[in-house]
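Chain by chain, the residues run as shown.
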Amino acid sequence: MLHASECRGPQAFTGQRVIVVGAGNAAVQIAVELASAAGATLAGRTPVKFAPQRILGRDMHF
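Because the structure is a prediction, the values reported are computed rather than measured.

Colleague: How would you sum up the overall build of the chain? Please name residues and give values.
Modeller: Summing up its helical and strand segments, the chain has one helix and four strands in all. Moving toward the C terminus, one meets the helices and strands of the chain in the order β-α-β-β-β. Taken along the three principal axes of its C-alpha coordinates, the chain extends 35 × 25 × 20 Å. In the chain, which comprises 62 residues, the share counted as buried stands at 19%. In the chain, the proportion of contacts linking residues at least 24 apart, taken out of those at least 6 apart, comes to 18%. Summing over all exposed atoms, the chain offers an accessible surface of approximately 5200 Å²; the carbon and sulfur share of this is 57%.

Dropping the structure here:
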């Protein structure tokens, strides 16, 4: 078990199956990064509502 603040990248999980619990911004970003190196599953209470990162050419978090 690892808290999001302790996650340093997907390299340590290469080839493993990982479950990311939560569906907030940090959990989704971590799951996407892990998916490049491991089998990642995202688990949350409710379905995730995805929105585009860039809207009208600007980053959502600008």
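Now that the structure is up, let's keep going.
Colleague: How would you sum up the pairing of strand E1 (residues 17–21)? Please name residues and give values.
Modeller: Here E1 shows a buried face lined by Val18 and Val20 and an unburied face lined by Arg17, Ile19 and Val21. Judged from the five bridges that link them, E1 and strand E2 (residues 39–43) form a sheet pairing that is parallel. Its bridge partner being in E2, isoleucine 19 is matched across the sheet by threonine 41.

Colleague: Got a sec to walk through the nonpolar core? Specific residues and values, please.
Modeller: Counting residues in each nonpolar core, the largest one holds nine residues, listed as Cys7, Phe13, Val18, Val20, Ala27, Ile30, Ala31, Leu34 and Ala38. Put simply, the parts of the chain that give this core at least two residues each are E1 and helix H1 (25–35). For this core, the leading source of residues is H1, giving four residues. Leave out the neighbours within four places in its chain, and valine 18 touches Phe13, Leu34, Ala38, Gly39, Ala40 and Thr41.

Colleague: Describe H1, and please don't skip the residues or the numbers.
Modeller: Burial in H1 covers these residues: Ala27, Val28, Ile30, Ala31 and Leu34. Each buried residue of H1 lies within a common arc of 165° when the element is viewed along its axis, so the set occupies one face. In H1, the exposed residues that point more than 90 degrees away from the buried face are Asn25 and Val32. Those residues of H1 that are buried lie in contact with E1 and E2.

Definitions and limits used
Residues numbered from 1 in each chain as written. Predicted model: local features only at pLDDT ≥ 70, side-chain atom pairs only at ≥ 80, totals over all residues. Heavy atoms only, no water. Helix = DSSP H or I, 4+ residues; strand = E, 2+ residues; numbered from the N terminus. Buried < 20%, exposed > 50% of the residue type's maximum accessible area, 1.4 Å probe, protein only. Contact = heavy atoms within 4.5 Å. Areas by Shrake-Rupley, 256 points an atom, 1.4 Å probe, with all protein chains shown as cover. Pairing = 2+ DSSP bridges. Core = buried A, V, L, I, M, F, W, Y, C linked by side-chain atoms within 4.5 Å. Arc of directions from axis to C-beta.

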